[in-house]
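Observations on the three-dimensional arrangement
So the chains spell out like this:
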Amino acid sequence: MSNTAGTHPRTIDVAIIGGGFAGIGAAIRLKQRGIHDFVILERGTAIGGTWRDNTYPGAACDIPSRLYSYSFAPNPEWSHTYSGSDEILGYIQTMSAEFGLAPHFRFGHNVTGIVFDEGAGRWDVGIEGDTENVRARTVVLASGPLANAGFPNIPGIDDYAGHKIHSARWDHDYDFTGKKVAVIGTGASAVQIVPELVERAASVKVFQRTPGWVLPRVNRRTSPVTKELFRRVPAAERLSRQAWFYGHESVALGVVWKSPLTRVVELVGRAQLRRQVKDPWLRRQLTPEFRAGCKRLLMTDDYYPALQRDNCKLVTWPIVRLAERGIRTAEGVEHQADCIVFATGFEVSKAGTPIPIVGRDGRVLAQEWSRGAYAYKSVAVSGYPNLFLTFGPNSGPGHNSALVYMEAQIDYLVGAIDTVLREDLHMLDVRQERQDRHNAAIQRRLTATTWNSGCRSWYLTEDGFNATMYPGFATQYVNQLRTLELDDYEVVARRADHEADAIPIA
Ligand SMILES: Cc1cc2nc3c(=O)[nH]c(=O)nc-3n(C[C@H](O)[C@H](O)[C@H](O)COP(=O)(O)OP(=O)(O)OC[C@H]3O[C@@H](n4cnc5c(N)ncnc54)[C@H](O)[C@@H]3O)c2cc1C
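All figures in this text were calculated on a predicted structure; none of them were measured in a lab. Residue numbers here run from 1 along each chain, matching the order of that chain's written sequence. A pLDDT threshold of at least 70 governs which residues receive local features in this predicted model, and a stricter bar of 80 or more applies before side-chain atom pairs are shown or counted, although totals over entire chains, interfaces and linings include all residues.

**As for the domain arrangement of the chain**
Applied cut-off: Domain delimitation in this document rests on an assignment produced automatically or drawn from a domain database. For the purpose of contact definition, each residue receives a C-beta atom placed from its backbone, and two residues are in contact when these atoms lie within 7 Å. Residue polarity follows a fixed list, in which Ala, Val, Leu, Ile, Met, Phe, Trp, Tyr, Cys and Pro are nonpolar, Asp, Glu, Lys and Arg are charged, and the others, Gly among them, are polar.
Partitioning the chain into structural domains gives domain 1 (11–148 + 347–484) and domain 2 (163–213 + 257–342). Distance from the C-alpha centre of domain 1 to the C-alpha centre of domain 2: 31 Å. Of the residues lining the interface, 17 residues belong to domain 1; the matching set on domain 2 comes to 18 residues. Residues belonging to the side of domain 1 that touches domain 2 are distributed by class as follows: seven nonpolar, eight polar and two charged.

**Overview of the environment of Glu118**
In plain terms, the rule: Labels follow the DSSP assignment, with helices taken as runs of H or I lasting at least four residues and strands as runs of E lasting at least two, numbered in each case from the N terminus. Think of it as a crowd count around each C-beta: if 20 or more other C-beta atoms lie within 10 Å the residue is buried, if 12 or fewer it is exposed, and in between it is partly exposed, with C-beta placed from the backbone throughout.
Tracing the backbone shows Glu118 in the loop between strand S4 (111–117) and strand S5 (122–127). You can call Glu118 partly exposed: it has 18 C-beta atoms within 10 Å. Note: C-alpha distance between Glu118 and Met427 (309 residues apart in sequence) is 8.5 Å.

**Points about the pairing of strand S14 (residues 326–329)**
On any regular strand, side chains alternate: one points to one face of the sheet, the next to the other face. Convention followed: Pairing between strands is defined by DSSP: at least two bridges between them are needed.
Looking at chain direction, strand S13 (residues 319–322) and S14 are connected through three bridges and run antiparallel. Following the sheet pairing, Leu322 is matched in S14 by Ile327. Between S13 and S14, which pair antiparallel in sequence order, lie three residues. With three bridges connecting them, S14 and strand S15 (residues 334–336) associate as antiparallel partners. For Ile327, the partnering residue across the bridge sits in S15 and is His335. Two successive antiparallel strands, S14 and S15, enclose a turn made up of four residues, where Gly332 displays a positive phi of approximately 95°.

**Quick word on the sheet that holds strand S16 (residues 339–342)**
The test is simple: Lines fitted to C-alpha atoms define the axes, with helix axes restricted to the stretch in contact, and inter-axis angles between N-to-C directions lie between 0 and 180 degrees.
With respect to topology, five strands assemble into an open sheet ordered S7-S16-S8-S9-S12, the strand pairing being parallel. Every other strand in the sheet has two partners, leaving strand S7 (163–166) and strand S12 (312–315) as the edge strands with one partner each. Each neighbouring strand pair of the sheet contributes to a mean axis angle of 20°, computed without reference to strand direction. Where strand S8 (residues 180–184) meets strand S9 (residues 203–207), five bridges bridge the pair, whose relative direction is parallel. Within S9, the position partnered with Val183 by the bridge is Val206.

**Points about the nonpolar core**
Note the following rule: A set of buried Ala, Val, Leu, Ile, Met, Phe, Trp, Tyr and Cys residues, joined through C-beta atoms within 7 Å, is what we mean by a nonpolar core.
Counting 127 residues, the largest nonpolar core has Ala15, Ile16, Val183 and Val194 as the members making the most contacts within it. In this structure, this core is formed jointly by two domains, domain 1 (11–148 + 347–484) and domain 2 (163–213 + 257–342), each of which donates at least three residues. Dropping the residues within four chain positions of it, Ile16 is found in contact with Gly23, Ala26, Ala27, Phe38, Val39, Ile40, Leu41, Val140 and Ala142.

**Things to note about helix H7 (residues 260–276)**
Short version of the rule: For a helix, the expected span equals 1.5 Å multiplied by the number of residues minus one. The reported arc concerns the directions from the helix axis to the C-beta atoms and nothing else.
With 17 residues, H7 should reach 24 Å at 1.5 Å per residue; the first-to-last C-alpha distance of 25 Å fits that figure. Buried within H7 we find Thr262, Val265 and Gly269. Viewed along the axis of H7, the buried residues span an arc of 65°, placing them on a single side of the element. Residues Pro260, Leu267, Ala271, Arg274 and Arg275 are exposed on H7 and point more than 90 degrees away from its buried face. The secondary structure elements touched by the buried residues of H7 are strand S10 (214–215) and helix H6 (234–255).

**Overview of the site of the ligand**
Let me state the cut-off plainly: Each residue receives a C-beta atom placed from its backbone. It is near a molecule or strand if this atom lies within 6 Å of it.
As a matter of local geometry, the ligand sits amid 33 residues, with Gly18, Gly20, Gly49, Gly144 and Ala402 nearest to it. Those elements giving two or more residues to the shell around the ligand turn out to be helix H1 (21–32) and strand S2 (38–42). For the shell around the ligand, the leading source of residues is H1, giving three residues. Of the residues belonging to the shell around the ligand, the class tally is 15 nonpolar, 15 polar and three charged.

**A closer look at the packing of H1 against helix H11 (residues 402–422)**
So the rule is basically this: Any angle that falls under 35 degrees is termed roughly parallel, while one over 145 is termed roughly antiparallel, one within 65 to 115 roughly perpendicular, and all others oblique. Helix crossings fall into two classes, left-handed where the near helix is turned counterclockwise from the far one by less than a right angle and right-handed where it is turned clockwise.
Direction vectors running N to C along H1 and H11 enclose 40°, while the axes themselves pass 9 Å from each other. The pairing of H1 with H11 is recorded here as oblique in orientation. As for how H1 packs across H11, the hand of that crossing is right-handed. Residues Phe21, Ala22, Gly25, Ala26, Arg29 and Leu30 of H1 pack against Leu403, Met406, Glu407, Ile410, Asp411, Leu413 and Val414 of H11. Each residue belonging to the contact of H1 with H11 can be placed in one class, and the counts come to nine nonpolar, one polar and three charged.

**As for helix H3 (residues 85–98)**
For H3, spanning 14 residues, the distance from its first C-alpha to its last is 20 Å, which sits close to the expected 20 Å at 1.5 Å a residue. All buried positions along H3 are accounted for by Ser85, Ile88, Leu89, Tyr91, Ile92, Met95 and Ser96. One side of H3 holds all its buried residues, which, seen down the axis, span an arc of 155°. Turned more than 90 degrees away from the buried face of H3, the exposed residues are Asp86, Ala97 and Glu98. Residues of H3 that are buried make contact with H1 and helix H2 (50–53).

**So, the sheet that holds S13**
Read from one edge of the open sheet, three strands run S13-S14-S15, paired in antiparallel fashion. The open sheet has two edge strands with one neighbour each: S13 and S15. Within the sheet, the average angular offset between the axes of one strand and its neighbour, ignoring direction, is 25°.

**What about the packing of H1 against H3?**
Any two packed helices are characterised by the angle at which their axes cross and by the distance between the axes. H3 packs onto H1 with a crossing angle of 25° between their chain directions and a minimal axis gap of 10 Å. The angle between the axes of H1 and H3 places the two elements in the roughly parallel class. Considering only the axes of H1 and H3, their crossing is left-handed. Judged by residue contacts, Phe21, Ile24 and Ile28 of H1 engage Ile92, Met95 and Ser96 from H3. Taken together, the residues that form the contact of H1 with H3 break down as five nonpolar, one polar and no charged.

Take a look at the structure:
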């Protein structure tokens, strides 16, 4: 953490860490509550988070835009059912402008850690470099679950002398024309990239470790009539959003738990494979060997056809190492490539914390989470008062829009922050026993889910602990966050005459 001893910045009401969907949503809801004394600390130079960073060809959401957007900022203009990354980024930028967030942004502010000053009832937020630290009564940690690009742990990765591109840091200056390209990974980003690359490159080899379940993604252009209807009758758009919401909720029955519907999801996946892939050997190579839902479902109509293009080849031999000119696989072949695209996902913090966090009595959250993260309703952690998380432990959706979950978190935490400020509280600290009770229930419910059914995925820690997913319907997740149960918190009031004196009131 940077040290600016001697300087004493004013204590602001709220510091939001991260300027992606979550940080911006939190900022808007704070303003709507009449809370204006906040900053958004963003390490990058622009807003947008995921959608600023993921600009690879074909990047798009795989939840319909009508649902992958905030209900408090409806957009009748979505061009397609599933919009591309540039359109989603445009939506975020428009939202930010409409709600006047620009003065609150502090770009180039990389937060290096936060420490709770128990005497003063505030967080000291460290910023990288010479930038003055920030002091805030409350903090919203919205640094994103998928914000740090992850490279695989393959031997020789530094020996490779060709061009390397990570899907989340696309190099738009690189010309793929006439190039031999290798793609490592076959997850959600890869299935969007490969259909674009086969159009541009001389050859594309796709290196697959585990084939995923691929389901049809019927992407339709929004007709001018529909747009006009949604512009004139906002209730019609709300209805459309609700329809998408409940459609996805019903999918939970087959995706979150094993049920007869899981079989239906798998039948749809198998039918798509049979319809699109005629070669029996390729079909076999692409057939998943785990239960549908255990890993993220892949929504695409273009991936299988792209793999069968003359200039594309699927490689299923395990990668042994990278060499100077390409990729060596277990059967002893070196696949030469001018460029390797790493569609290998992100460094996800399932254990430890994204930044150092020091709470009451010098408690270090990374130590407490070293075997896996846990929180109260995914938004608060006992011993770390006045700190609220978005996309916290066990808030991941397997079947519905992340933004539905995020909106519920935001409304909850804005209510909590409002309480701290309005009641002039020194601390709002969730009680340990309430947090433990919540987590015991979450872990018990997780045992019945597909994610904990034995397959390996980024949802689990090395020990198989699931700190990532919420084991239920989005409706249940949203409902449990509807009210701030003050009984679940230790509530400590501030004394007006001396900041350091605090009186417990609950
Ligand atoms: C390619 C891709 C497609 C996706 N598609 C979908 C989809 O279709 N449906 C769905 O439900 N979900 C999807 N997701 C999940 C997606 O991450 C979330 O839906 C959402 O964008 C996350 O928003 P966020 O604000 O939490 O995080 P981010 O968008 O990652 O924003 C976090 C911000 O915090 C900043 N930051 C991080 N650390 C620091 C620090 N220490 N100091 C200062 N700033 C910091 C980052 O620079 C970033 O700007 C997708 C994710 C990816 C990567």
